[in-house]
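# Commentary on secondary and tertiary structure
Letter by letter, the chains look like this.
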Amino acid sequence: MKEIEEIKKEFEEKIKTKSIEELKKVETHFLGRKGKVVDLFKTLKNATEENRKNIGQQINDLKSYVEETISKRLKELEEIEKNKLLANERIDITLPGIRLETGGLHILSKVMKEVEDIFLSMGFDVMTGPEIESDYYNFEALNIPEFHPARDMQDTFYLAKKILLRTQTSPIQIRTMEKYKPPIRIIAIGRCYRRDAIDSSHSPIFHQVEGLVIDKNVSFSSLKGTLLEFTKKMFGEETKIRFSPSYFPFVEPGAETAISCVICKGKGCRVCKYTGWLEMGGSGMVHPNVLKNVNIDPEEYQGFAFGWGVERIAMIKYGIPDIRMFLQNDLRFLEQFK
Amino acid sequence: MIISYKLLKDAFDVDYTPQELSDKLTSIGIEVEGIRDVKHNFKHIITGKIVSMELITETKLFKTMVSIGEEALQIITAATNLEVNNIVPVALPDSILANGLAIKREEFKGFKSNGMLCSYTELGLDPEYLSNEEKVGILILPEDTPIGLKFEDILPIDDTVLELSLLPDRADAFNVNGLARWIETLKARDNGKRADFSKFTPEVNLSFQGETNFEIDIKNPEMCPFYSGRIIKNVNVKKSSLKLRQKLFMLKIRPINNIVDITNFINKFYGQPLHAFDFDKLDEKLIIRLAKKGEKLKTLDEVERNLTDDNLVIADSKKPIAIAGVMGGKSTSVKEDTKNIILESAYFSPKRIAQSSRTLGLITDASTLFEKGADSNFTPIASLIATKLICEETGGIPYKDNAISYLVKPDTVKVRLEKINSLLGELINKEDVKKYFDFEGLKYKDKGSFIEVYPPTFRQDLKIEEDLVEEVIRMKGYNEFRETLLSGEFRGSKRTEFEDFIWFLKDKLVALGLTEIQTTSLINTEKLKIIGLDEEKRLIKLLNPLTEDMNILRPSLLTPMLDVLERNINAGKNSISMFEIGKVFRKDASFQEYMELGIMLSGDKISKNAFKKAFSYDFFYLKGIVEEFLDSVRINYDFEEHALPFMHPYQSAKIISLNKEIGYIGKIKDEIFKNVFYASIYIDGIFNESLFLCNPHSSSVDYKLKNFEDFSIYPTVKRDIAILVEESVSEKKVRETIRHLNISELKCITLFDIYKGIPLPKGKKNLAYSLEFSSMDKTLRGEEIEELIEKIEQEIKIKIGGILRKK
Ligand SMILES: [Zn+2]
C-alpha cells in the first residue's frame, strides 16, 4: 500500500532526531491517538474484503516496527545524555596527589637496628649503659690505669674528677660481667664521646657497637668466625675480612679488623685509600686482668671482644661521605633513608 | 715515627725494597702508614769557602770570591748572613735549583757572577730539621766541611722515608736500632732461622781519666732503678762537625750544639734519652727524688714549671735541676761557654714518667720513650757510645761513670701449649712455637709441660702468658688462622626490656607520621639562656670542652631540635614534623641522665594544594599525637594548663600521670621561634627507672599486644546532641559528666562543634556531640536510647547547669 510506504519513509526520516523531546513528538506524530499509524487503521474500512486482512497485517507490522524503533532510539538517546553529564565531571587525572608529611627512622637507628638484628640472630643479647661513666668502668677496670699511654688514644671529656663521658661502649662489658655469670654473649651499643677535632671522618660524638663473648672454649678463631659472619650479613656474602696486629690494653692478643672494600670490591678506590681494605675497629681476646677485675677466673673462662663504629658501618654501607651529616639532620639527607 | 730507608739500608744491610719492608713490618704490627720518595737535584752543586767579600757601592749586593778547591769564583750575592771563611753550597752554571731556577753565568751591575750561593729553600731541604741559624740566608755548612766536595756526597740525593704508626706497646721499635732488630726477625722468619741480635749491642772501648767523684743519691729506687752520671771535662761546645751533622740530617734531628746533638742522636738511634748538665753549675751532688709542692723549675723551653710530688726530679743539694725523664732545667743546660759536663743515662719507671709528664701537660721525646719503657740493659751502653762521640766531637776528657743500680732481672714468663691452643682455637705443635720464639731471638727453656721464656729488657711487652700467645699469632700470621662459629649454650637473643620499649616507641612515632632525628648532646649555654632553661646549678658543664660551642650536656632536647628546625628552614623546608628520643643530662644529687622524647611540629601536615585541602600543624594536632602515643603505652594521663618560660602562656600544659608530671606540651613563644609546637615526654617517667640497665624484671608499662576483646554484632545507633553551658565550663568537664554516668551502651562521645555568639546568650557556648550506642546482646530500640539521653540531660542540668538539646 502506498500510504504505508510513505509513512514508513517519513518515520525513518524523523527518527533520526537527536533530542529526546523531539523523539516524544515523533512518537505522538505516528502512534498518538490521532497519529499517522492510527489513522491508517481508519482507512481499513474502505478496503476490499480480501485486501483488508492483508492490509491490516501490514499496518500492524508498521506499528510494531515504529514502536520498537522508537524505544530503541530512546535508549540510545538516554545513554548519550547520561554520558554528557558524566563528561562534565571529568577530572585531570595527571594533577599531583595530595601529599602528607610522613615519618621515618633516622639512618643511624636503622643501621643500629640492622646490626642488633644480625647479632640477635647469632644468639647475642643487646645491652646498653650510661653515657656518663666513672673512670673505673671506662678505664681502670679495662686495664687502663691512670696515666696509661693508651689513654692518649682516647682523648676524654671530663665532668668532674674521675667522672667522664664514656669514650667507648666497653664499660658495658664490665657492667655486664659484674651482673651475669658466664657464658656471656652480648653486644653493647650506644653513643660515645671523644675530644677529637671535627672533620669529615671524626666527630666528638659517635656511636659504637661492642661485642663480648665469654665462655670456656671461645677462641681467636671464633672471634674471626663471628666477625666474618657479621660482615657477610651486613655487607654481603662476598665480603672478606682481614686481621692485623694491634694493641688495646683490655685485650691480649689484640687485633685490628678490616673488611674488603665494598665500594671497589677490593680493587682500590678513594674510600679505601687504594688499599682495597677498610679498617673497621679493634678486637682481641679479653685480657686476664679484665676478667680478674670482675671475678671471673681466667683459667676457667676466656673470651673475645670487639668494637666497631656505627657511623663507619653506615658510611661504608650507604656511601655517606661525611660523618657530620648524621647529627646535622638535614632533611635532604634523612629523607633519602626513610 | 719517620725513618730513612737509606739509613736502615746503610747501617743494617737491609735487602728488602721499601715496599717489601713496609708490608712485612705492617704484618707484624709495626704499621707503615706511608712510603714517600724524597728526591733532590744536587747536580753541579759543590761546597765552597768564602775567601773575600765586599759590598758593591750604592747597591745591596756583595761581591764574593769563593774557593772551590783549585780555583776561586767571583759570585755576586745579596745574602747578609755571610762572613769570610764560611763554607757554603755553590750552585755552578748549568745546575738547576729546587725551585726550578736554572743557573747561568750572569752580570749584576757590571760584575760577573759565576754561579750562586744557596739557601736551604734553593736546595729543597725540609726546614723542620734545620737550626734557626741554617734557615737564615745562605746555608752555612760545618767548619770541617771539605772544599770542592759534591753536595750529593753530603746529603743523599734520593731516599725513601717510611712513616711508621707505632702501637703504644711497641717501645722496642721506637728507635732505629730497635726497628732494625725487628727487620732481623723478619729475615730470620724468611730464612727459618733463629735471629741473631748480637750486632745491635755495639762494643765501645774507652780509656778513662779516672772516676766520677760526684755523689749520686737515689731517694726513690722504685722510680729510678738505674742512674749513671759521668764527668767529661774540657769540652768545646760548638756546632757539630760535618759527620755528625750528616747523621742528624738522616735522623731528622734539628741541630743545637754538638753535645745536645749527640744526646738527641742516641735517643733517636738507640732509644735511650740522655741528659747533659753543665757540671760547674751543680751544687755538691745529684739527688733523684720527688719534687716538693711549691718547688719551681724553669725548663729548657723557658717555661717556669710548678712542681708537685707527682714529679720525679733530679736535684742538686739546693734545687731541682731537671724533671727526670721529661725535660732539663735552663740554668744547668749545656751552652757555648760550658767547660765540663756530667752526662746522665738513667732508667726511670714508665708509670712515674707518665704521671709526671701528664700532670705537667709536658710530653717530650724523652718522656714518650721512658713511659713506653726504655731498655735498661742498654742504658750504660748508651752512655758509653755517647761519651765516645762527645770526646771525638768536643775534645773532652772522659771519666768512668758513677752508676747506681737497683735493677732486677725481668720475670720469666711461662707459656703452656694448652693455653696457646685454647686461646687460638687451633692446634699448634710445640716445635712451631719454639720456632716462632727463635725468629724473635727469645731465650727460652722447654720445661715439658710449659716453655719458660726469658724476655730481654727491650721487650716491655712480654709480661704474661697471653703476651706470648700474641707472639705466636704475629709470627704465624694474623690471617693464618681458621674461622669457626660460636658453639655452646647462651642466654639468649634478647634486647633489654628498656631497649625493646624504645624501639616500640620509635616505631609508634614513625607510624604517627614523624621523622626521627638524632642531635648533638653537647650544646652551648648561651642557647639555653634564650629559652630560659639555663638553671645554672642543674647544668652539667664539661671541664675540658673542645669548643665553647659545646660546653655543656643538653638538659633538654628542645634547643638542639630548634637548631635542626632552623637549619632545615634555612635550607628551604617549610614543614617539619620530627621527634627525637635521646638522653638529657641534669645535675641533681649527682650527675643524672634521663631518656626524653621531644616532638616538634612546624608548618603543614598537608601543604597548600590545588584542591584547597591544606592543613597546618597546631596545638591540637600535636595533642592528638601525644594522646595517641600515650594511649599506645596504656597509661592514664591528663593535661593541666601550665605556663613554661619558653611557651605561649595560654597555650601550654603539663602532662600528668598518677599525680606525676610526665611531660609538657605547647606552642613555643613567637620571639623564640615562630609557629613551632613542641611536646616533651619523660620516657623514664613512664618506664620503671630501675629497669635502666640490664634488668630482666618486667616493666611497669604494658604496651605489648593484649588478648582479643569481643565486640557487638548488633547495629550501632548514632545520636547528635547539643549542650549549652557557661563558657567557663571546660569541655573536659562536660565530657566527664556524661562519662561518669557509666552508661555501658554509650561507646563513644565525639565533639564535632563548638559555637559561641549570636543567637546564644552572652557568656554561653554550645557544644555539639555525636554519641554512639550499642549493646552486646540486642538491637537497641529508639525508646531505650531516648531514655538514656534523658538521663544524660538530667545529669548535665544538675551537675553543670547545662541545657541539652536533641537534634
Ligand atoms: Zn675501595
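Scroll up a little and you will see the structure.
Here we summarise the structure given alongside this text. (Residues numbered from 1 in each chain as written. Chains lettered and ligands numbered in written order. Predicted model: local features only at pLDDT ≥ 70, side-chain atom pairs only at ≥ 80, totals over all residues. Heavy atoms only, no water.)

For chain B, the helix and strand inventory stands at 19 helices and 41 strands. What you see for chain B is a C-alpha radius of gyration of 42 Å, clearly larger than the 28 Å of a compact globule of 807 residues, by over 25%. Taking the principal axes of the C-alpha coordinates as reference, chain B spans close to 130 × 85 × 55 Å. Across the 807 residues that make up chain B, the buried fraction comes to 53%. Sequence separation of 24 or more characterises 68% of the internal contacts of chain B that already satisfy a separation of 6 or more. Total accessible area on chain B is roughly 38,000 Å²; 49% of this is exposed by carbon and sulfur atoms. In chain B, the 115 positive side-chain charges and the 126 negative ones have mean positions that sit 2 Å from each other. (Helix = DSSP H or I, 4+ residues; strand = E, 2+ residues; numbered from the N terminus. Rg over C-alpha atoms; globule rule 2.2 N^0.38 Å. Buried < 20%, exposed > 50% of the residue type's maximum accessible area, 1.4 Å probe, protein only. Contact = heavy atoms within 4.5 Å. Areas by Shrake-Rupley, 256 points an atom, 1.4 Å probe, with all protein chains shown as cover. Lys, Arg positive; Asp, Glu negative; His and termini not counted. Charge placed at Lys NZ, Arg CZ, Asp CG, Glu CD.)

Attention now moves to the coordination of the zinc ion. Put simply, a metal with four donors set out as a tetrahedron has ideal angles of 109.5 degrees, and one with six donors set out as an octahedron has ideal angles of 90 or 180 degrees. Residue and element names in this part refer to chain A. Coordination of the zinc ion by the protein comes from Cys261 (SG), Cys264 (SG), Cys269 (SG) and Cys272 (SG), over a distance range of 2.2 to 2.3 Å. Each of the four donor atoms bound to the zinc ion contributes to angles spanning 100 to 115°, and the resulting shape is tetrahedral. With a relative accessible area of 3%, Cys272 lands in the buried category. (Donors = N, O, S within 2.8 Å, 3.2 Å for Na, K, Ca; no water. Tetrahedral: all angles 85-135°; square planar, octahedral: opposite > 155°, others 65-115°.)

All names here are of chain B. Closest axis-to-axis distance for the helix H5 (residues 242-251)/helix H6 (residues 258-270) pair is 10 Å, and the angle between their directions is 40°. Taken together, the axis directions place H5 and H6 in an arrangement best described as oblique. Judged by the twist between their axes, the crossing of H5 over H6 is left-handed. Residues Leu244, Lys247, Leu248 and Leu251 of H5 lie in contact with H6, whose contacting residues are Asn258, Asp261, Ile262, Phe265, Lys268 and Phe269. (Axes fitted to C-alpha atoms, helices over the stretch in contact; angles between N-to-C directions. Parallel < 35°, antiparallel > 145°, perpendicular 65-115°, else oblique. Left-handed = near helix turned anticlockwise from the far one by under 90°.)

Time to look at the environment of Gly271 of chain B. For Gly271 of chain B, the position within the fold is in the loop between H6 and strand S13 (274-278). Excluding anything up to four places from it in sequence, Gly271 of chain B contacts Asn175, Ile266, Leu369 and Ala374 of chain B.

Strand pairing in a sheet takes place through backbone hydrogen bonds and is either antiparallel or parallel in direction. Residues and elements named next belong to chain A. Overall, antiparallel pairing links the three strands, which are arranged S2-S4-S3 in an open sheet. Only two strands of the sheet have a single neighbouring strand rather than two, namely strand S2 (132-134) and strand S3 (158-160). Each neighbouring strand pair of the sheet contributes to a mean axis angle of 35°, computed without reference to strand direction. Pairing of S2 with strand S4 (residues 163-165), which is carried by three bridges, proceeds in the antiparallel orientation. (Pairing = 2+ DSSP bridges.)

Residues and elements named next belong to chain B. Alignment of strand S3 (residues 45-55) against strand S4 (residues 62-67), held across six bridges, turns out to be antiparallel. The residue bridging Met53 from the neighbouring strand is Thr64, located in S4. Linkage of S3 to S4, two consecutive antiparallel strands, is achieved through a turn of six residues, within which Glu58 is found at a positive phi near 60°. Where S4 meets strand S5 (residues 72-77), six bridges bridge the pair, whose relative direction is antiparallel.

With that settled, consider the side chain of Ser260 of chain A. All names here are of chain A. Tracing the backbone through its elements, the reader meets Ser260 in strand S8 (residues 251-260). A polar contact of 2.8 Å, which involves the side chain of Ser260, links it to the backbone nitrogen of Lys240. Discounting chain neighbours no more than four positions away, the residues touching Ser260 are Glu238, Thr239, Lys240, Gly276 and Trp277. (Polar contact = N/O pair within 3.5 Å; in protein donor to acceptor, adjacent residues only side chain to side chain.)

Enumeration according to the criterion identifies 76 salt bridges over all chains in this entry. Note that Glu133 of chain A is salt-bridged to Arg175 of chain A, the shortest N-O span being 2.8 Å. You can see Glu133 of chain A sitting in strand S2 and its partner Arg175 of chain A sitting in helix H7 (residues 171-179), a full 42 residues away along the chain. Classification of Glu133 of chain A as buried rests on a relative accessible area of 3%. Accessibility expressed as a relative area gives 18% for Arg175 of chain A, which makes it buried. Note that Lys319 of chain B and Asp283 of chain B form a salt bridge whose closest N and O atoms lie 3.8 Å from each other. Here Lys319 of chain B is found in the loop between strand S17 (312-315) and strand S18 (320-323), whereas its partner Asp283 of chain B is found in the loop between S13 and strand S14 (285-290), with 36 residues between them in sequence. Accessibility expressed as a relative area gives 24% for Asp283 of chain B, which makes it partly exposed. If you follow the salt bridges from partner to partner, you end up with Arg170, Asp172, Glu440, Arg459, Asp461, Glu471 and Arg474 of chain B in one network. (Salt bridge = Lys/Arg side-chain N within 4 Å of Asp/Glu carboxyl O.)

The biggest cluster of nonpolar side chains holds 172 residues, and the ones touching the most others in it are Val115, Phe220 and Ile313 of chain A together with Ile266 of chain B. A total of eight residues in this core trace back to one element, the largest contributor, which is helix H5 (residues 107-121) of chain A. Excluding its chain neighbours within four sequence positions, the residues that come into contact with Ile313 of chain A are Val111, Val115, Val209, Phe230, Met234, Phe235, Met280 and Trp308 of chain A. Residues Ile218, Ile231, Phe348 and Leu362 of chain B belong to the second largest nonpolar core, which totals 36 residues. (Core = buried A, V, L, I, M, F, W, Y, C linked by side-chain atoms within 4.5 Å.)

Let us now look at the environment of Phe42 of chain B. Residues and elements named next belong to chain B. Summarising the element assignment, Phe42 is placed in the loop between strand S2 (31-39) and S3. The spatial distance from the C-alpha of Phe42 to the C-alpha of Leu155 is 8.9 Å, given a sequence separation of 113 residues. If we ignore the near neighbours within four places in the chain, the residues touching Phe42 are Leu123, Leu125, Phe151, Glu152, Leu155, Pro156 and Ile157.

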